Amino acid sequence: MSPMAPPLLLASASPRRRELLEQVQLAFEVAPMDVDESAQPGETPEALVERLAVAKAEAARARLAPGQWVLAADTVVAVDDDALGKPADFADAAAMLGRLSGREHRVVSGMALWRPGEAMRARHVTTRVRLRELSPADIEAYWATGEPRGKAGAYAIQGRGAAFVEWIEGSYTNVVGLPLFELEAWLREMPDPPPRVGSASPADVTGSCGVPAGSRAP
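The structure presented is a predicted model; accordingly, all values stated were derived computationally and were not measured.

**Q** Which parts of the structure should I look at to understand the packing of aromatic side chains?
**A** The description of an aromatic ring pair rests on the distance of the ring centres and on the angle between the ring planes. Here the structure, examined in full by the defined rule, presents two aromatic pairs. Consider the rings of Y142 and F164, whose centres lie 5.0 Å apart with planes at 85°: the pair is edge-to-face. With Y142 in helix α4 (residues 136–144) and F164 in the loop between α4 and β7 (165–169), the pair connects residues that are 22 residues apart, well separated along the chain. With a relative accessible area of 8%, F164 lands in the buried category. Above the ring of W143, the side-chain terminus of R149 is found at 4.0 Å from the ring centroid.

**Q** Looking at this model, I keep getting lost on the pairing of strand β6 (residues 121–131). Mind explaining?
**A** Each regular strand carries side chains that alternate between the two faces of the sheet. Of the pairings in the sheet, the one linking strand β5 (residues 104–114) to β6 comprises ten bridges and is antiparallel in character. Paired with S109 across the two strands is V125, which belongs to β6. Linking β5 back to β6 in an antiparallel pair, the connection comprises six residues, with G117 at a positive phi of about 95°. Bridge analysis of β6 against β7 gives four bridges, and the strand direction is antiparallel. The residue bridging V129 from the neighbouring strand is I168, located in β7.

**Q** Can you walk me through unusual backbone geometry in this structure?
**A** A negative phi angle is the norm for most residues apart from glycine, just as the trans form is the norm for most peptide bonds. Even without being a glycine, D80 presents a positive backbone phi close to 55°. Position of D80 among the secondary structure elements: in the loop between β3 (70–79) and β4 (82–84). Positive phi, normally seen in glycine, also occurs at D81, with a value near 65°. Structurally, D81 can be placed in the loop between β3 and β4.

**Q** Got a minute to help me understand the packing of helix α3 (residues 90–100) against α4 in this structure?
**A** Axis angle and axis distance: for two packed helices, these are the angle between their axes and the distance between the axes, and together they describe the pair. Contact geometry of α3 with α4 gives a least axis separation of 10 Å together with a crossing angle of 130°. By the angle class used here, α3 and α4 are oblique. Taken as a pair, α3 and α4 cross one another with a handedness that is right-handed. Along the contact surface, α3 presents F90, A93, A94, L97 and G98, while α4 presents I139, E140, Y142 and W143. Its residues assigned to classes, the contact of α3 with α4 shows seven nonpolar, one polar and one charged.

Cut-off values and rules
Residues numbered from 1 in each chain as written. Predicted model: local features only at pLDDT ≥ 70, side-chain atom pairs only at ≥ 80, totals over all residues. Heavy atoms only, no water. Phe/Tyr/Trp six-rings, centres within 6.5 Å; stacked < 30°, edge-to-face > 60°. Helix = DSSP H or I, 4+ residues; strand = E, 2+ residues; numbered from the N terminus. Buried < 20%, exposed > 50% of the residue type's maximum accessible area, 1.4 Å probe, protein only. Lys NZ or Arg CZ within 6 Å of the ring centre and 35° of its normal. Pairing = 2+ DSSP bridges. Axes fitted to C-alpha atoms, helices over the stretch in contact; angles between N-to-C directions. Parallel < 35°, antiparallel > 145°, perpendicular 65-115°, else oblique. Left-handed = near helix turned anticlockwise from the far one by under 90°. Contact = heavy atoms within 4.5 Å. Nonpolar A, V, L, I, M, F, W, Y, C, P; charged D, E, K, R; others polar.

Written out as structure tokens, the structure is:
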């Protein structure tokens, strides 16, 4: 790999995905992509997240430097084959958590890795999760923490929502928002993957979240 290889472009505004990429020391920049996230008629949650991940990766074409890879992802909570996204308000969050209370659901993430001239890598990963029974008081108190806002299914397994989780089967990082095991498997297959933080001199590589390696974010 050339020391001048550009950092990965993360086509997502999710702070959870940034934290996960930092965890595996990938050098990356952030450029969120806005696409229509509406499900198509009859579309399964699995097909939805994979399609949206590919759409976000393709939307980043104009932002890519020569030889730069883009990573895009989308995550939903699936129950009764319905895809639950981010709650619009308390009533929406209460309805979501009420459906998840005391039962199993799926967390499905679509992921796409691509650069122009290469084949699009796209797949989805599913994790099974069960929440304990939640009372209306539980849901109201949880909403008051602010954590459900901006979270698919209105809960965060990496935060206070972990106290609601009875069991999980599959990838934990997938529930957080990005399946790292599957991403690393892709990277191991690539002859010239995006650089890691510290894999080149600070002048040659960008550090996590677009901050030059060796410096601190404000």
